[in-house]
Amino acid sequence: MNPLTNPTASGVDNVLIYIFGSSLLLLAGITIVMIWFVIRYRRSKNPEPTSDVEGNLWLEITWTVLPTLIVLTMFWYGWVNYLGLRDVPEGAFEVRATGRMWSWQFEYENGRTSSKLYVPAGKPIKVILNSTDVLHSFFMPAFRIKRDTVPGIETYVWFQAPEVGSYDIFCTEYCGTGHADMITSAEILSPEEFTAWYSEKTTAQTVPRGRQLLEEQGCLGCHSFDGSSSIAPTFGKLKGVKREISTEGQKKEITIDTDYLRRAIRTPEVDLVEGFPPIMPAYGDEISESDLDEIINYLLEGDTGPVLDGNKLLEENGCFGCHSTDGSALVGPSFKGLKDRTTEVKRDGTELQLKVDADYLRRAIRQPNKEIVEDYPAIMPAANHLSDEEIDAIIKTLLKGADQQ
Ligand code: CUA
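These figures come from a predicted structure and were not determined experimentally.

A. Focus on the overall build of the protein. A tally of regular secondary structure across the protein gives 9 helices and 18 strands. Counting across all 405 residues of the protein, residues that qualify as buried make up 35%. The long-range fraction of contacts in the protein, counting pairs at least 24 apart against all pairs at least 6 apart in sequence, stands at 59%. Looking at the protein as shown, the accessible area adds up to about 23900 Å², and 57% of this sits on carbon and sulfur atoms.

B. Seen up close, unusual backbone geometry. Look at the link from Met 101 to Trp 102: it is a cis peptide, with omega at -10 degrees. Considering the arrangement of structural elements, one finds Trp 102 in the loop between strand S1 (93–100) and strand S2 (103–108). Of note in the backbone geometry, Glu 248 takes a positive phi value of approximately 50 degrees without being a glycine. Of note, Glu 248 is situated in the loop between strand S12 (242–247) and strand S13 (250–255). For Glu 248, a relative accessible area of 75% translates into the label exposed. The phi torsion at Asp 375 lies on the positive side, around 75 degrees, for a residue other than glycine. Tracing the chain through its elements places Asp 375 in the loop between strand S18 (371–373) and helix H9 (388–400).

C. Geometry of the packing of helix H4 (residues 209–216) against helix H6 (residues 289–301). Close contact between H4 and H6 brings their axes to 8 Å; oriented N to C, the two are set at 105 degrees. In terms of their interaxial angle, H4 and H6 are classed as roughly perpendicular. Residues Arg 209, Gly 210, Arg 211, Leu 213 and Leu 214 of H4 touch H6, and the partners they reach there are Asp 291, Glu 294, Ile 295, Tyr 298 and Leu 299. The residue inventory of the contact of H4 with H6, partitioned by class, reads 5 nonpolar, 1 polar and 4 charged.

Definitions and cut-offs
- The residue numbering used here restarts from 1 in each chain and proceeds along that chain's sequence as written.
- Restriction of local features to residues with pLDDT of at least 70 applies here, the model being predicted, together with a cutoff of 80 or more for giving and counting side-chain atom pairs; totals for whole chains, interfaces and linings are based on all residues.
- Where side-chain values are given, they derive from all heavy atoms of the structure, hydrogens and water being excluded.
- Under the scheme used here, helices are H or I runs from DSSP no shorter than 4 residues and strands are E runs no shorter than 2 residues, and both carry numbers assigned from the N terminus.
- Buried, partly exposed and exposed residues are distinguished by accessible area as a fraction of the type maximum, computed with a 1.4 Å probe on protein chains only: under 20%, between the cut-offs, and over 50%, respectively.
- We call two residues in contact whenever any of their non-hydrogen atoms come within 4.5 Å of each other.
- Values of accessible area rely on a 1.4 Å probe in the Shrake-Rupley scheme; residue burial ignores everything except the protein chains shown.
- Only the stretch in contact is used when fitting a helix axis, every axis being a line fitted to C-alpha atoms; angles between N-to-C directions are given from 0 to 180 degrees.
- Orientation categories follow fixed angle ranges, with anything under 35 degrees roughly parallel, anything over 145 roughly antiparallel, 65 to 115 roughly perpendicular, and all other angles oblique.
- Side-chain classes follow a simple rule in which Ala, Val, Leu, Ile, Met, Phe, Trp, Tyr, Cys and Pro form the nonpolar group, Asp, Glu, Lys and Arg form the charged group, and the remainder, Gly included, forms the polar group.

What follows is the structure, encoded as structure tokens:
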């Protein structure tokens, strides 16, 4: 392998080849001499001892100095390459990896998080390692890097991928029941693909469709949300607002509602808003009825904040590491058919039958160790880092049926 394209792997491989190779040479040399001596000096050919050699200074020096040198070169070569594993090249791209029972989470400098490690090819990557609970160990065999993650201490590894590909990441420190499930992958993307992925909106957030359409159709070129535009009426606070319009020269006051907005988009030349030039183009076939509904809904209901994607939150937070979506029991109960399921739990030592609903799920996520589901170990970490909105989105998804991609 070209030492410049996968530096960590080639460094480790070269040391391994050197140590293994010299050991093999010594083994072969010693074995050959031994066998030769056994044949050459066998008793049938030499019934009486014939040699009376007292010693040989040069032989002694040779077999002391030579192995010492070999061992020292092994140390030196190993040390140099070990430093190569520890010295991160300048300008490395940094990603934080957090190990926890039993999944990995990756966090990028712009705040994006993911359950797989996404990085660009051809660039040194520094992975800063941490753990929220017990010892785990971050292992990427293809790059020959392995490092423990220790709660409270930051460790790191670095690597550089020569080309696009997908490589395994394991946990290689036994960390409990789900240890074997702590598998994920490093997805090496081309620099362009990576830039696109990296600059996507935070994974769990999606822009409402109506807003997206307003942007796509160029509406925001003329309309503002804060009333700052002078060429077109504002989009801010439209619901129930009264507005002066003139229809065929007749002035009248209307209340903004669905019908008005529909006319204003499909046939803007009919009702003209007072104080603005009649320049709005009519939107006919380029906006479908359903898209129009989305736009109107968005204009009337306003910006209700980003929509959180519960599935992505479940994935990013590693929930699928312990909970299946197909009904099979992993370390934790399955997410399949949660709605209206009755579950047996133990609260303060008392057994209870509870119906799974939003309140129950909220408690199960916020304080998982208060009510322990029968037949499962009490190991779920409390999700203190999630906001109320995120928990709401997760609960909504769980009741609807989570779907692991
Ligand atoms: Cu984490 Cu083994």
